[in-house]
Protein chains: 2
Amino acid sequence: MIDLDFDKQGGLVPVVVQDAADGAVLMLAYMNREAFDKTVATGLATYWSRSRSKFWVKGESSGNVQRVRDISIDCDSDTVLLQVEQVGGAACHEGYRSCFFRKVAGDELQTVGERLFDPKDVYDK
Amino acid sequence: MIDLDFDKQGGLVPVVVQDAADGAVLMLAYMNREAFDKTVATGLATYWSRSRSKFWVKGESSGNVQRVRDISIDCDSDTVLLQVEQVGGAACHEGYRSCFFRKVAGDELQTVGERLFDPKDVYDK
């Protein structure tokens, strides 16, 4: 079993999610032990939703699943890096490719990403 | 002032650090409001060390500072992405380029990164 330090964040570890194709950072999510094991077993990124307090197979609503290509662990064993194939191209629930679609420009945030879908069309059906 | 949600993690936000040159994910660290403001003001990545409970200008011991090229904020405003120029080439205190130098291979971790320096030569002087 892969040794991970879940104690620093009450049973969770942060997970950096990167597009395996070009290295773009898509999102940050969280896993508990079981979500990590499910991810390894199924090859589909599975997180623990802090806001909904439940497992969350990424893409179960939108169809934009993440097929796991590689899993790395950091030096302190308290952070996971997933390299994924992002099906559908958009990881963010707001319809952007990456959740990091806003760049700091002075005192303001500038939207730099292109919206690939309208959330209303995906989640409010 | 850039609006960030520090409440979810007791005054801190996680910060994904990526090499601006080729997109490699180097490390995950944490900032409080003041560390974020110092980073913006100085252009040098400045974190809050959870283990030492103090500000930490990355590279102050090793010389491997991180010059900030871009700062992005995620959709929930609870995670920061820094794109940096990693001086010295190695971000990890264990001497590897990235803290994510171990890849999951079945039930084991396989070291995939190349060690660029020996920590004893840098920190134990």
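Up top is the structure these notes are about.
Residues numbered from 1 in each chain as written. Chains lettered and ligands numbered in written order. Predicted model: local features only at pLDDT ≥ 70, side-chain atom pairs only at ≥ 80, totals over all residues. Heavy atoms only, no water.

Thoughts on the interface of chain A and chain B
Contacts between the two partners involve 39 residues from chain A, matched on the other side by 39 residues from chain B. Per-residue buried area on chain A facing chain B is highest for C75(A), F100(A) and R102(A); these three make up 20% of the total on that side. K103(B) is the salt-bridge partner of D70(A), the closest N and O atoms lying 3.4 Å from each other. If you look at where chain A meets chain B, you find 19 residue pairs in polar contact (both at pLDDT 80 or more). For the side of chain A that touches chain B, the elements supplying multiple residues, two or more each, are strand 1 (13-19), strand 2 (25-31), strand 5 (66-73), strand 6 (80-86), strand 7 (102-105) and strand 8 (108-111) of chain A. Among the elements that make up the side of chain A that touches chain B, the one with the highest residue count is strand 5 of chain A (four residues). Among the residues forming the side of chain A that touches chain B, the class breakdown is 20 nonpolar, eight polar and 11 charged. Inspection of the sheet shows strand 5 of chain A paired to strand 7 (residues 102-105) of chain B by two bridges, in the antiparallel sense. From the neighbouring strand, S72(A) faces strand 7 of chain B, where its bridge partner is K103(B). (Contact = heavy atoms within 4.5 Å. Buried area = accessible area lost by both parts, 1.4 Å probe. Salt bridge = Lys/Arg side-chain N within 4 Å of Asp/Glu carboxyl O. Polar contact = N/O pair within 3.5 Å; in protein donor to acceptor, adjacent residues only side chain to side chain. Helix = DSSP H or I, 4+ residues; strand = E, 2+ residues; numbered from the N terminus. Nonpolar A, V, L, I, M, F, W, Y, C, P; charged D, E, K, R; others polar. Pairing = 2+ DSSP bridges.)

Focus: the sheet that holds strand 7 of chain B
Read from one edge of the open sheet, six strands run 2(A)-1(A)-6(A)-5(A)-7(B)-8(B), paired in mixed fashion. Sheet topology places strand 2 of chain A together with strand 8 (108-111) of chain B at the edges, where each strand pairs with a single neighbour. Recorded for the sheet is a direction-independent mean angle of 35° between the axes of neighbouring strands. The sheet contact formed by strand 1 of chain A and strand 6 of chain A spans five bridges and is parallel. Among the inter-strand pairings, V16(A) is bridged to a residue of strand 6 of chain A, identified as L81(A). (Axes fitted to C-alpha atoms, helices over the stretch in contact; angles between N-to-C directions.)

Here we look at the sheet that holds strand 8 of chain A
As summarised here, the arrangement of the six strands in space is 8(A)-7(A)-5(B)-6(B)-1(B)-2(B), forming an open sheet in which the pairing is mixed. Strands at the two margins of the open sheet, each flanked by one partner only, are strand 8 of chain A together with strand 2 (25-31) of chain B. The sheet shows a mean angle of 35° between the axes of neighbouring strands, taken without regard to direction.

Shape is all these values report; function is a separate question.
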